Amino acid sequence: MGTALDVRVKRAGKVYRDGEVLSGVVVITSKDTVQHQGISLTMEGSVNLQLSAKNVGVFEAFCNTAKPIQIISSTIEMVKPGKLPSGKTEIPFEFPLQMKGNKVLYETYHGVFVNIQYTLRCDMRRSLLAKDLTKTCEFIVHSLSQKGKLLPSPVDFTITPETLQNVKERASLPRFLIRGHLNSTNCVITQPLTGELVVESAEAAVKSIELQLVRVETCGCAEGYARDATEIQNIQIADGDVCRGLPIPIHMVFPRLFTCPTLETTNFKVEFEVNIVVLLHDDHLITENFPLKLCRM
Amino acid sequence: SYFLRHARSRNYVSESEVCKLESVPLDFGDYHPLKPITVTESKTKKMNRKGSTSSTSSSSSSSVMDPLSSVLDGTDPLSLFAAAADPVTAAPPTDGARRKRDKDESSAVGSDFEPWSSKRGEILARYTTTEKLSINLYMGSEKGKATTTGSAVSEKVRTRLEELDDLEEGSQKELLNLTQQDYMNRIEELNQSLKDAWSSDQKVKALKIVIQCSKLLSDTTVIQFYPSKFVLITDILDTFGKLVYERILSMCMDNRVSLPDNFSPESVNDTAKETCLNWFFKIASIRELIPRFYVEAAILKCNKFLSKTGISECLPRLTAMIRGIGDPLVAVYARAYLCRVGMEVAPQLKESLNKNFFDFLLTFKQIHGDTVQNQLVVQCVEIPLYLTLYSPAIDWILQCIAYHAPDVLLTEMMERCKKLGNNALLLNSVMSAFRAEFIAARSMDFIGMIKECDESGFPKHLLFRSLGLNLALADPPENDRLQILNEAWKVITKLKNPQDYINCAEVWVEYTCRHFTKREVNTVLADVIKHMTPDRAFEDAYPQLQSIIQKVITYIYDFALLFSVEKFLPFLDMFQKESVRVEVCKCIMESFIKHQQESTKDPVILNALLHICKTMHDSVNALTLDDEKRMLAALINGFIKMVSFGRDFEQQLSFYVEARSMFCNLEPVLVQLIHSVNQLAMETRRVMKGNHSRKTAAFVRACVAFCFITIPSLSSIFTRLNLYLHSGQVALANQCLSQADAFFKAAVSLVPEVPKMISVDGKMRPSDAFLLEFLCNFFSTLLVVPDHPEQGVLFLVRGLLNVIQDYTWEDNSDDKVRIYTHVLHLLSAMTQEAFIYHVDKVDSNDTLYGGDSKFLAEINKLSETVVSQILDHLKTLGKEETLKRQSQLALYFFNTILAHGDLRNNRLNQLSVNLWNLAQKHGFADTKTMVKTLEYIKRRSKQPEMSHFTDLALRLPLQSRT
């Protein structure tokens, strides 16, 4: 198995933005000379939507998966059919990431029902005797900084048995008072979510306090739409019966790839929320929900 | 008849004039054989030398050093070897290696900062448990098992990795019922697995192991083991932090040039930055708080790759993060770890250290909260014990804060602690962490605080102990000193539990000795005795009691003063276990020998020390090791040498007599006593200028008698022989002729008992060399010993010769003949008109016989016998295999005749010529020696009255070897 194909983009982080030039090299290594029918490189970006079985029939779910929305696509012929010398051959390439008209380059996002992905695929066609070689490489797109200033939108919250909804027997609840604030629900995606939380009092011992980051994905089409909320990550900020009256920091880093600036298009939406979950020792679970708006500055 | 009648007559005085060496001023220069040898290492050469274990080349130098220590200072061969072997074995980090590493890293802090590594062992030793422990590992399922263990991975590593694989795939493994040792082994295994995983490029797995390990720190079951667990697991975290840092650093290598130590983030390339960022993102997504905290803290240093301000931003955030840890004990250890990492990575960032402490103070009330209390009830742990679990962490945090901190800050810290109800736990940590000078200067304040402080379970005696430790290191203000002691002792003396009491008292004894007189020391000792005697409490406190004694003798080394401390000896009586008792006695004696400058006759000292020495002596039994005996004997001898009653010789002798009865089981002491008594006799002679009065003569005879009856009790035969000879010489010098005779007779009759082999330093050696040496010495003495009027002429010499004759010599040795030639020397000396030396005031045979012809004839007869013996022996050496010996002996005998015989006598002359030829006959003679001998004869012939040597030289042919 003599020949190896590799696609390398120039930047270590593989991150590019709208308007920039995606550059790199295709590397072919082989002990012998390589006979080929041409080498081409394809850049593609697409949104994959998947309807969850919960909202539509199984058959539909199957059908709908195969309908990606293309964002960007271009192919270049790198080398005409011929021979490559033995050893290592590097062929540089450049793709301008330029969108036509009003279209925008969505940010890379790996979700459950929505996936936005960008790839580079290199194909080496070969004669009948040898298999064609293919190599794909994902690169990451960050959307452009949003214009205008991000207005901080701090939120104060107080959680007591009275503020809770969905309680069956309010009387059986232990007394507690939890106060706190989020510094802003408008978040820059590269900056952590911050805030503070104080357990002012709690009859029952606190077992754990967690931040649950949730994605809300909405896929819509002519037939209607499906909205699903799923957990991205759960970060514990307090473990055990914390000191009363002492502010505990709320701090969460937004994970890369799994989060993107809040996105709303005609076909789909990607939104984020955070839940503050307080778990008491008698297994009472208290949740407070905050919608977030993520953006990239 | 042809030898002695013709012994060369000598004029010793003129000969000595001629032969005296010209005195030459010695040039000491650089080189002296006895100067210490310093070993200079030549490392590079050594490493290259193939095969051989490296040896060090030595060269002498003039620097004055202990040869042993200087060898150790340089790289000695063993450590060199170890250094060379180190990378090969790549053993798990030993304590030493770890310590070294820590030292390197904390170099940014300075050597006056007590590093974590020194605390480590202490904590592990102190916080132990007999309860069963458990490890709960949950390795999250890992997709795409990355175990392509190539052949490069050793078998051992592979099996280990496989073991770990068992843990994987989402399985949860709980190891229950582990003993403490099992637990420690398991942790060490995890540490090794981490390294293995890392080196086999399974970084994700490495991270998982680290996460699982740090998770163990949130588990507080078996809480008394928690501090030790913290130590073990943070070792793993340190390893991990180091691995990650070094990996990223290696990515920054540019053309094999690594970054300088103080690199800036701009010089880090993108790939390295991306990798580093990846680690931080991965860690930020760890679900649980405690592992997330610990792992991020472990790689805190990696922030240097990303930004200049990274660490200074991270530290406050991590500090705040700890607030989320509910369990106060877990939290305080997390703080300790953060401070530890902080001090290592960025010691200049003091703010976070302080913040950590203040945060701790804020959560302090939790300790007495319900959650903690319930936990303690479940685990059956008492509050005082629980509180001591905090000490290592708080001590460490405070130590970090106090390091090079201005007094203002320390004062502020103190105030803050005070505000918190003067908590005992805090106070204790403040005292153990802050500078001793700081504490000592405020001793009275501290005593006040200790008295007022809210005990809340933390034992107060520990507070006084901590204060005492500070005062042992630094001095409080002069005026407060007595009051401090009074206040402290007032509390200490009230302690009921003997262990608590003694731990405290031990520390305060040093303070007392340092600043006060024997009166106070006495009071303190009396108090200790009072507390430790009931119920034989001292039995459990020997180490502390021993340390008290040590402190007392460190400060009071004037022994007159020491023994005037009335309670000192009663204190010693508390050491009732013999081994400890002897140890203590040894310490005291060592101190005495070290510090006592002048000899003493103080009855108090003598009595006390005799008592102590007796204790040491009485501990000797059949099972005592030789080394131990030697050591005890050396100590006792050291004491005996320091005893002097001045001119009161009688008293001195009776002291020696008493000592003999006391120390009869230690031979070296008896030997010392004999020497001392002999010295005493000679001292008496010196004082009397050789003329003994009736009284002194009697005294000297008593001394001699002492020796005479002591020597037989010794077991070593050569010690006995030499002491007989030596004592005989002393007796002779003191004109005790019959006594001297007795000594010599005893020696003569002892010679047949000399065994063929004797034990020297535990090895069996042939005794002949020792015997030869002794006999030569003996003969030299016998020259001046006058004949006993009732015994025959040369009674002793004859006796000795008979003994030699009958002694069973080694079959193939010429020792007997060599001795006979020595006897010829003696006999020729005896024929001289005036002997070569005399003993003052003793008439030797030259005076007694005055050259009487009968006497000379007697000597003549003797020598004739001896010569014929020699010749007979020479004949027996005629066999093929003994020809070489024959040649040597012949030459030896020839030289004797040359030196002592009168060669003008024809027969003697002929004999010497025959010997000369015999020596050369079979070609075994060394030509060089023969040439030199001949040259000597020729040279001698030029001297007056030596002309006959010319003829002799002509008759001595030189045989060239064919």
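Residues numbered from 1 in each chain as written. Chains lettered and ligands numbered in written order. Predicted model: local features only at pLDDT ≥ 70, side-chain atom pairs only at ≥ 80, totals over all residues. Heavy atoms only, no water.

We now examine the overall build of chain B. Summing up its helical and strand segments, chain B has 47 helices and six strands in all. By the burial criterion, 50% of the 962 residues in chain B qualify as buried. Look at the contacts in chain B between residues 6 or more apart in sequence, and 74% of them connect residues 24 or more apart. Surface exposure of chain B reaches about 46600 Å², of which carbon and sulfur atoms provide 53%. (Helix = DSSP H or I, 4+ residues; strand = E, 2+ residues; numbered from the N terminus. Buried < 20%, exposed > 50% of the residue type's maximum accessible area, 1.4 Å probe, protein only. Contact = heavy atoms within 4.5 Å. Areas by Shrake-Rupley, 256 points an atom, 1.4 Å probe, with all protein chains shown as cover.)

This part is about the interface of chain B and chain A. Contact with chain B, which involves 28 residues of that partner, is made by 23 residues of chain A. When chain B packs against chain A, the two sides together hide about 2000 Å² of surface, and 57% of this comes from carbon and sulfur. Three residues stand out in chain B for area buried against chain A, namely Phe281, Arg287 and Arg323 of chain B, and they jointly supply 29% of the buried area on that side. Across the salt bridge formed by Glu210 of chain A and Arg287 of chain B, the nearest N and O atoms sit 3.5 Å from each other. (Buried area = accessible area lost by both parts, 1.4 Å probe. Salt bridge = Lys/Arg side-chain N within 4 Å of Asp/Glu carboxyl O.)

Before going further, it helps to examine the packing of helix α23 (residues 443–452) of chain B against helix α25 (residues 481–492) of chain B. Residue and element names in this part refer to chain B. Between α23 and α25, the shortest axis-to-axis distance is 10 Å and the interhelical angle comes to 20°. Taken as axis vectors, α23 and α25 run roughly parallel relative to one another. As α23 runs across α25, the sense of the crossing is left-handed. Mapping the contact onto sequence places Ser443, Met444, Ile447 and Lys451 in α23 and Gln483, Ile484 and Glu487 in α25. (Axes fitted to C-alpha atoms, helices over the stretch in contact; angles between N-to-C directions. Parallel < 35°, antiparallel > 145°, perpendicular 65-115°, else oblique. Left-handed = near helix turned anticlockwise from the far one by under 90°.)

So, on to the packing of helix α10 (residues 226–251) of chain B against helix α12 (residues 289–298) of chain B. Working note: a packed helix pair is described by the angle between its axes plus the distance between those axes. All names here are of chain B. Two elements in contact, α10 and α12, have axes separated by 8 Å at closest approach and are oriented at 50°. Relative to α12, α10 is oriented oblique. α12 is crossed by α10, and the crossing has right-handed handedness. Together, Phe230, Thr234, Leu237, Phe240 and Gly241 of α10 and Tyr294, Val295 and Ala298 of α12 make up the contact between the two elements. Counted by class, the contact of α10 with α12 contains six nonpolar, two polar and no charged residues. (Nonpolar A, V, L, I, M, F, W, Y, C, P; charged D, E, K, R; others polar.)

Here we come to the state of the cysteines. Residues and elements named next belong to chain B. Under the counting rule described, the total for this entry stands at zero disulfides over all chains. Of the cysteine sulfurs around Cys252, a residue in no disulfide, the closest is that of Cys276, at 8.7 Å. Of the residues examined, Cys252 reaches a relative accessible area of 4% and is grouped as buried. The thiol of Cys339 is unpaired, and the distance to the nearest cysteine sulfur, on Cys400, comes to 5.2 Å. (Disulfide = S-S within 2.5 Å.)

Let us look at α23 of chain B. Residues and elements named next belong to chain B. Within the sequence span of α23, burial applies to Ser443, Phe446, Ile447, Met449 and Ile450. Each buried residue of α23 lies within a common arc of 165° when the element is viewed along its axis, so the set occupies one face. Where α23 is buried, its residues touch α20 (407–419), α21 (424–433), α22 (436–441), α24 (460–473) and α25. (Arc of directions from axis to C-beta.)

All names here are of chain B. Tallying each qualifying case throughout the model produces 38 salt bridges over all chains. As a salt-bridge pair, Asp359 and Lys355 come within 3.2 Å of each other at their nearest N and O atoms. Taken together, the residues span about one helical turn, with Asp359 and Lys355 both in helix α16 (residues 350–362) at a distance of four residues. Residue Lys355 is classed as partly exposed on the basis of its relative accessible area of 39%.

Glancing now at the pairing of strand β6 (residues 763–766) of chain B. Residue and element names in this part refer to chain B. Of the pairings in the sheet, the one linking strand β5 (residues 757–760) to β6 comprises four bridges and is antiparallel in character. Residue pairing in the sheet places Ile758 in a bridge with Arg765 of β6. Between β5 and the antiparallel strand that follows it, β6, lie two residues; Asp761 among them carries a positive phi value of about 50°. (Pairing = 2+ DSSP bridges.)

All names here are of chain A. The four strands are arranged β12-β13-β15-β18 in an open sheet whose pairing can be described as antiparallel. The sheet terminates laterally at β12 (155–159) and β18 (248–252), the two strands that pair on one side only. With strand direction ignored, the average angle separating the axes of adjacent strands in the sheet is 20°. The pairing of strand β15 (residues 193–202) with β18 spans five bridges and is antiparallel.

Now for the packing of aromatic side chains. All names here are of chain B. Taken as a whole and judged by the stated rule, the model has 44 aromatic pairs over all chains. Ring centres 5.9 Å apart and planes at 90° place the aromatic pair Trp116 and Phe230 in the edge-to-face group. Taken together, the residues span a long stretch of sequence, with Trp116 in helix α6 (residues 116–126) and Phe230 in helix α10 at a distance of 114 residues. By relative accessible area, Trp116 is classed as buried at 8%. A relative accessible area of 1% means that Phe230 is categorised as buried. Consider the rings of Phe645 and Phe655, whose centres lie 6.2 Å apart with planes at 55°: the pair is tilted. (Phe/Tyr/Trp six-rings, centres within 6.5 Å; stacked < 30°, edge-to-face > 60°.)

Bringing unusual backbone geometry into the picture now. Residues and elements named next belong to chain B. Despite not being glycine, Cys380 has its phi angle at roughly 55°, a positive value. Summarising the element assignment, Cys380 is placed in the loop between α17 (370–379) and α18 (383–388). Residue classification places Cys380 among the exposed residues on the basis of a relative accessible area of 68%. Positive phi, close to 70°, is recorded for Lys841, a residue that is not glycine. Within the secondary structure layout, Lys841 lies in the loop between α41 (815–830) and α42 (845–849).

Moving on: the sheet that holds strand β1 (residues 4–9) of chain A. Residues and elements named next belong to chain A. Here we have three strands laid out as an open sheet, ordered β1-β3-β8, and antiparallel in their pairing. Each of the sheet's edge strands pairs with one partner strand only, and the pair in question is β1 and β8 (87–96). Across the sheet, the mean angle from the axis of one strand to that of its neighbour is 20°, orientation sign disregarded. Pairing of strand β3 (residues 21–30) with β8, which is carried by 10 bridges, proceeds in the antiparallel orientation. Its bridge partner lying in β8, Ile28 is registered against Thr89.

Let's shift gears to the environment of Cys187 of chain A. All names here are of chain A. By the secondary structure assignment, Cys187 is in strand β14 (residues 186–188). Residue class for Cys187 comes out buried when judged on its relative accessible area of 6%. Note: C-alpha distance between Cys187 and Pro152 (35 residues apart in sequence) is 8.0 Å. Apart from residues no more than four positions distant in its own chain, Cys187 is found in contact with Leu150, Leu193, Phe254, Leu292, Lys293, Leu294 and Cys295.

Residues and elements named next belong to chain B. In this model, chain B carries an average pLDDT of 80, and 84% of its residues clear a pLDDT of 70 or more. In this model residues 39–107 is a low-confidence stretch, pLDDT under 50, and it forms 62 contacts with partners more than four residues away in sequence or in other chains. In the predicted complex, the global pTM is 0.64; the interface-specific ipTM is 0.90. (pLDDT = per-residue confidence, 0-100.)

Grouped together as the largest cluster of nonpolar side chains are 309 residues, with contacts concentrated most on Phe357, Tyr386, Trp508, Val528, Leu545 and Phe568 of chain B. In this structure, Trp508 of chain B is in contact with Phe464, Arg465, Leu467, Gly468, Leu471, Ile484, Leu485, Ala488, Trp489 and Ile492 of chain B, ignoring residues within four places of it in sequence. If you look at the next biggest cluster of nonpolar residues, it comprises 80 residues, including Val47, Leu105, Val114 and Phe139 of chain A. (Core = buried A, V, L, I, M, F, W, Y, C linked by side-chain atoms within 4.5 Å.)

Moving on: the environment of Thr781 of chain B. As for its placement among the helices and strands, Thr781 of chain B is situated in helix α39 (residues 768–782). The spatial distance from the C-alpha of Thr781 of chain B to the C-alpha of Leu725 of chain B is 8.2 Å, given a sequence separation of 56 residues.

In this structure, strand β13 (residues 176–182) of chain A lies alongside β15 of chain A, joined through seven bridges in antiparallel fashion. Within the sheet, the bridge partner assigned to His181 of chain A lies in β15 of chain A and is Glu196 of chain A.

As a further point, take helix α27 (residues 518–532) of chain B. Residue and element names in this part refer to chain B. Along its 15 residues, α27 runs 21 Å from first to last C-alpha, staying within 8% of the 21 Å computed at 1.5 Å per residue. Within the span of α27, buried status applies to Glu520, Val521, Asn522, Val524, Leu525, Asp527, Val528, Ile529, His531 and Met532. Buried residues along α27 sit in contact with α25, α26 (498–515), α28 (542–555) and α30 (568–572). (Expected span 1.5 Å × (residues − 1).)

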